[in-house]
Every structure is written in structure tokens, then in C-alpha cells.
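Each chain is listed here by its residues.
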Amino acid sequence: MISFSFAPQIVFGYGCLNRVGFLSLFLKTQNAFIITDSEIEKLGFVNKVQKYLELSGIKSNVFNEIEPNPQEETVIKGAKEFKSTNSDTVIAIGGGSVLDSAKIIRLLVKQGGKPSDYNCKTSTIMAVHEMLPLQISIPTTSGTGSEVSIVAMVTSGHEKVTILGYPLISTIALVDPKLTMSCPPNLTAMCGMDALTHAIEAFISLRINPVADMFSLQAITLIYQNLKKAYLNGQDVIARINMSLAATVAGMAFNQKSVGLVHACSHQLSGQCNLPHGLANAIILPHVLRVNKKVSMSQYVTLATALGLDLTKLSDDEASERFILEIEKLNKEIGIPEKLAECGVKESDIAAMIPNATSDISAITNPLQPVTKELVESVYRAAL
Ligand SMILES: [Fe+2]
């Protein structure tokens, strides 16, 4: 048996931000709570959202304090402000940190407590059980897929807390590729590799879902054909549209099949060393692909074929290695450092990350099992 659902409603299109007022009216919004970060606010997107809301007669307040790898104190503050402003609907505009924080703010508004109370390591998916305030999610990067997932993450001290729950999912994902046009090359590269990692890890996940696999394959192909173009020329509209589509579609895939050891390792690199999520994934990805190769070889051949690589006269083992080399080549072409040490990670950081990576929920669906401390340590050391 397989079970799948591709909620929420997705509104996708170049320039579709101008639908935010209409969509908010559709949700019967009277007082919107706009969640963002200060950098996005400077780009003028928040002003535009407020203008469109005003035209629809909707009031709004702005909470712009979400930081990269947001701490739980920040979302607790956001939940208090949501209540104090008598808001009824969340409009989240930003990258993954903003969209995830918005989901958790809605959870705290309705169910109270603090984010770590809902850590999936210590509670079940049923811990998030109430109908939460509605949320329109507007991604400004092509990577996270948070706009279509039931997952949200926040940092507690040095630990990444993962929260899972069907009520967390956005009510509407408003995906406007135009918003990604000003995304700088390094952020474009990191987010794009996050999306690629979602698509690949979902495809080789232990969970079975052929519908999600169709999304993964489409996303992988789109990213392979468009990420370098978007990195080299941020004004390439077609590349930006294809990357936005790929990131959302990859999010739909991993929302069904989850991810794997790349994410299990990268979550700790963000919590312990404050590495951007996409950067950590990009560096770790080839190393985990090699580790998983012995159990995922046939899927790698399918992925290599989807990329259009010439596999003539290659054995499955050689075709798999060709696929991994192509990922490494893409990393290099978009300026991703080869090693974690180049990003400030030290050998002394590894010991603290191993237990949390081993018990990370993403490790459960990694194709190679069991995910032992020794396996995790070997990945970190190979990537260091
Ligand atoms: Fe990710």
C-alpha cells in the first residue's frame, strides 16, 4: 500500500505575487501576520505584499526577525507577537528558515509550549494535532521545498529540532519565480543543491512511492539543466522558472519519501557549526552517494540516464560512479567548496555531531542500514 497527498494548493507563475491579496480574501483573512527576515524586507517584497493586501482591504503586521538557522527563542517571540496583534493568517515570505519558522509560530500560537516540546525525537507526529492558523508560504529561493512540506526545523542551542505534523503544511504555496531573480549566485548555488539533494535522497529512500519518484526524476533533470545557468546569470528567466518549479516538485517528493544520510549529517553541521543548510548538503552529498552506492546502484543508473549521460559500454558500477562524478562537477562549476574545512568546520567538531546525526530522523529512510556511528563518522571525515 502507498499513501500520498500533494496538498497544499500551489499557485505557480512568474509575477504571481500579485495574487496574494485575492488569495488572502479567499482564506477570509482580515489581519495578516507577515513573517520574514530583514534582508527580504530590504528587497521590497514585504512592501509589495502589504500593498496587495491593502488593495483587498486586509490589514497586516510584519515580524522581520527570523535569522538564518533560527533559534527557538525567535519563534517563541513571533508567536507572542501574532497573538498580541490579533492576527488571523500567517503570510511567510523568505527562504527555508522563514517558512519553517512560520509553521512553528502557528503551532505555538495554537498549542502553546516551546518548539523542543514537539521534537520528533521525543514525541510522535500526533503531537501536532490541532487545526493551526492558515498560512500562505511564498518562497524567495529555489531550494527548501518548505512551502509544500509537513516538516519544520528550528535550532535549540546547538541542536536542530525537527518537528513533523500534517497540520503544519501551508494552506497555499504561492511560488513566484520572479522573487528569485535577485538571489545572489552563492545562495542560488546552495539552495539549488539543497533541492537536488531532496530529489536524490527521496528517489533512493527506503520508502516506496512511484508517484513521488516521478517528481524526483523531473526535479533532478530540471536542476541539472538549469542550476548552472541560474548561477551564472541570475537574470535568466527560464532558468529561474525551471529552478523554482524543480525546488517545489522536489519538496513534494521528499514530503512523501523523506530524505536520508546527507540531511542527517548536514542538520548537525548547521546546528553545531552554523553552516547554511544547502552548503552542508552540497559538500556531503557526493560522499553519501558513494557510501550508499552498493545498495542504490540501479537507482543511480536511472538517475544518470535522466541526466542524459553517455553510459555506453559502462557497467552499472561505472555508470553509478559517472553519476557521482557529475554531481561533483556541478558542485565545482557553481563554486561549492570541496571540503567542510574550507567552511570552518574542525576535526574537533565531529565527535559532538555523530550521536545527533545517527539518531536524526532523516537517517531512518537512508537506503543503507543500519546508520551506525562509525558510518556517520566516516562520512564526516571523508568530507572534512
Ligand atoms: Fe534540505
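Residues numbered from 1 in each chain as written. Predicted model: local features only at pLDDT ≥ 70, side-chain atom pairs only at ≥ 80, totals over all residues. Heavy atoms only, no water.

Comments concerning the layout of surface pockets
Going by this rule: With a 1 Å grid spanning the protein atoms alone, the term cavity applies to any set of points in which a 1.4 Å probe fits but cannot get out, the term pocket to an open set with protein on both sides within 12 Å along at least five of seven lines, and the term lining residue to any residue with an atom within 4 Å of a point. Grid points are joined across faces, edges and corners, and a volume is the space filled by probe spheres set on the points. Helix and strand assignments follow DSSP, with helices taken as H or I runs no shorter than four residues and strands as E runs no shorter than two, numbered in order from the N terminus. Amino acids outside the nonpolar list (Ala, Val, Leu, Ile, Met, Phe, Trp, Tyr, Cys, Pro) and the charged list (Asp, Glu, Lys, Arg) are all regarded as polar, and Gly is one of them.
Roughly 200 Å³ of internal volume is contained in the second largest pocket. Every residue lining the second largest pocket is listed: Ile283, Pro286, His287, Glu328, Asn331, Lys332, Ile336, Pro337, Glu338 and Lys339. The set of elements that each furnish at least two residues to the lining of the second largest pocket consists of helix H10 (277-306) and helix H11 (316-333). The residue inventory of the lining of the second largest pocket, partitioned by class, reads 4 nonpolar, 2 polar and 4 charged.

So, the packing of aromatic side chains
To keep things clear, this is the line we draw: Ring geometry is summarised as follows: Phe, Tyr and Trp rings, the Trp one being its six-membered ring, pair when their centres sit within 6.5 Å, and such pairs are stacked at plane angles under 30 degrees, edge-to-face over 60 and tilted between the two. Only protein chains enter the accessibility calculation, which uses a 1.4 Å probe; a residue whose area is less than 20% of its type maximum is buried, one above 50% is exposed, and one in between is partly exposed.
Counted by the stated rule, this structure contains 3 aromatic pairs. Ring plane angle 20° and centroid distance 6.1 Å describe the contact between Phe33 and Phe63, whose orientation is recorded as stacked. Of the two residues, Phe33 sits in strand E2 (residues 31-35) while Phe63 sits in strand E3 (residues 59-63), which places them 30 residues apart along the sequence. Residues Phe33 and Phe63 agree in their burial class; the two are buried. Chaining the aromatic ring pairs together yields one cluster made of Phe33, Phe63 and Phe82.

Let's talk about the domain arrangement of the chain
Note the threshold: For the domain bounds, the source is a domain assignment made automatically or taken from a database. Whether two residues are in contact is decided by their heavy atoms, any of which lying within 4.5 Å being enough. Simply put, the buried area is the total loss of 1.4 Å probe accessible area from both parts when two parts are fitted together.
The assigned domain composition of the chain is domain 1 (9-180) and domain 2 (185-383). Distance from the C-alpha centre of domain 1 to the C-alpha centre of domain 2: 25 Å. Listed per partner, the contact involves 26 residues of domain 1 and 28 residues of domain 2. Where domain 1 abuts domain 2, roughly 2200 Å² becomes buried across the two surfaces, and 61% of that area is made up of carbon and sulfur atoms. In terms of surface lost to domain 2, no three residues of domain 1 exceed Asn69, Lys121 and Ser142, which account for 22% of the buried area on that side.

Here we look at the packing of helix H6 (residues 185-204) against helix H8 (residues 237-257)
For the record, the criterion: Only the stretch in contact is used when fitting a helix axis, every axis being a line fitted to C-alpha atoms; angles between N-to-C directions are given from 0 to 180 degrees. Angles are sorted into four bins: roughly parallel if under 35 degrees, roughly antiparallel if over 145, roughly perpendicular if 65 to 115, and oblique for all others. Each crossing gets its handedness from the near helix: less than a right angle anticlockwise from the far helix is left-handed, clockwise is right-handed.
With their axes 8 Å apart at the nearest point, H6 and H8 run at an angle of 40° to one another. When the interaxial angle is binned, H6 and H8 end up oblique. Considering the relative orientation of H6 and H8, their crossing is left-handed. When H6 is examined against H8, the residues Thr188, Gly192, Ala195, His198, Ala199, Ala202 and Phe203 are found in contact with a partner set consisting of Arg240, Met243, Ala247, Ala250, Ala253, Phe254 and Lys257. Here the contact of H6 with H8 is composed, by residue class, of 9 nonpolar, 3 polar and 2 charged.

Focus: a nonpolar patch on the surface
Rules: A patch consists of residues exposed above 30% relative accessible area that lack any salt bridge, with like charges linked at up to 9 Å and nonpolar side chains (Val, Leu, Ile, Met, Phe, Trp, Tyr) linked at up to 5 Å. Areas reported as accessible are Shrake-Rupley estimates using a 1.4 Å probe. Residue values count occlusion only from the protein chains shown. Should a side-chain nitrogen of Lys or Arg be within 4 Å of a carboxyl oxygen of Asp or Glu, the pair is scored as a salt bridge.
Side chains of Ile2, Phe4 and Ile208 sit close together on the surface and give an oily, nonpolar patch of about 300 Å² of accessible area. Within the element layout of this structure, Phe4 appears in the segment before strand E1 (9-12). Phe4 sits in the partly exposed class, given a relative accessible area of 39%.

Digging into the coordination of the iron ion
Operational definition: Donor atoms (N, O, S) are those found within 2.8 Å of the metal centre, with the cutoff raised to 3.2 Å for Na, K and Ca; water is not part of the atom list, so apparent gaps in a site can occur. Every angle between 85 and 135 degrees makes a four-donor site tetrahedral, while opposite donors more than 155 degrees apart, with all other angles between 65 and 115, make a four-donor site square planar and a six-donor site octahedral; other sites are irregular.
Surrounding the iron ion are the protein donor atoms Asp194 (OD), His198 (NE2), His263 (NE2) and His277 (NE2), which sit 2.1 to 2.3 Å from the metal. Around the iron ion, the 4 donor atoms are arranged such that angles at the metal cover 83 to 167°; this shape is classified as irregular. Motif for the iron ion, donor spacing along one chain: D-x3-H-x64-H-x13-H. Placement of the pair is Asp194 in helix H6 and His277 in helix H10, with a sequence separation of 83 residues. Taking the relative accessible area as the measure of exposure, Asp194 reaches 5% and is therefore buried.

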